[in-house]
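Each chain, letter by letter, is given below.
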Amino acid sequence: MKKASTIFAIIGIVINVLSSAFNILINQNNELTAFTLMTSIPTIVLSLGFGILVLKSLKKNEKKTWLGVVAILFVNILSGIFYLCWKPENKEQVQPSTYDIEEHLE
């Protein structure tokens, strides 16, 4: 799930940034330029910002529920769902006990 979330986050960031930039370029000579800028620039900033936060969180192995919800809204729906489904790996796993009863009975 972690790898899938990472891949879809990168895809979502690229698609959101490219589509918003393309939208700005297409509508340069249009009357809707102010509206286009007011919607495209925040889309680029939010997608890029939250996408980077998701990638950093995945790299650090820290799960934050709010970040998964925000990823669903601003980055990519699949990335957010996979982010919410993955479980962080414990680096400090409990080792099996090596307690020897025979030592303490003598």
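Conventions and cut-offs
Residues numbered from 1 in each chain as written. Predicted model: local features only at pLDDT ≥ 70, side-chain atom pairs only at ≥ 80, totals over all residues. Heavy atoms only, no water. Patch = residues over 30% accessible without salt bridge, like charges linked within 9 Å, V, L, I, M, F, W, Y side chains within 5 Å. Areas by Shrake-Rupley, 256 points an atom, 1.4 Å probe, with all protein chains shown as cover. Salt bridge = Lys/Arg side-chain N within 4 Å of Asp/Glu carboxyl O. Helix = DSSP H or I, 4+ residues; strand = E, 2+ residues; numbered from the N terminus. Buried < 20%, exposed > 50% of the residue type's maximum accessible area, 1.4 Å probe, protein only. Arc of directions from axis to C-beta. Contact = heavy atoms within 4.5 Å.

1. Topic: a nonpolar patch on the surface
Point 1. Judged by side-chain polarity, L46, V69, L73 and F74 come together as a nonpolar surface patch covering roughly 340 Å² of accessible area.
Point 2. Examining the composition of the nonpolar patch, we find that 3 residues originate from one element, helix α3 (residues 65–74), more than from any other.
Point 3. Residue V69 is classed as partly exposed on the basis of its relative accessible area, which comes to 41%.

2. Overview of α3
Point 1. Those residues of α3 not exposed but buried are L67, G68, V70 and A71. All buried residues of α3 project into a common sector of 165° when viewed along the axis, lining one side. In α3, those exposed residues whose orientation departs by more than 90 degrees from the buried face are T65 and L73.
Point 2. For α3, the elements touching its buried residues are α2 (33–60) and α4 (77–85).

3. Re unusual backbone geometry
Point 1. Here the phi dihedral of N61 falls at roughly 65°; this positive angle occurs in a residue that is not glycine.
Point 2. Within the secondary structure, N61 sits in the loop between α2 and α3.
Point 3. N61 sits in the buried class, given a relative accessible area of 12%.

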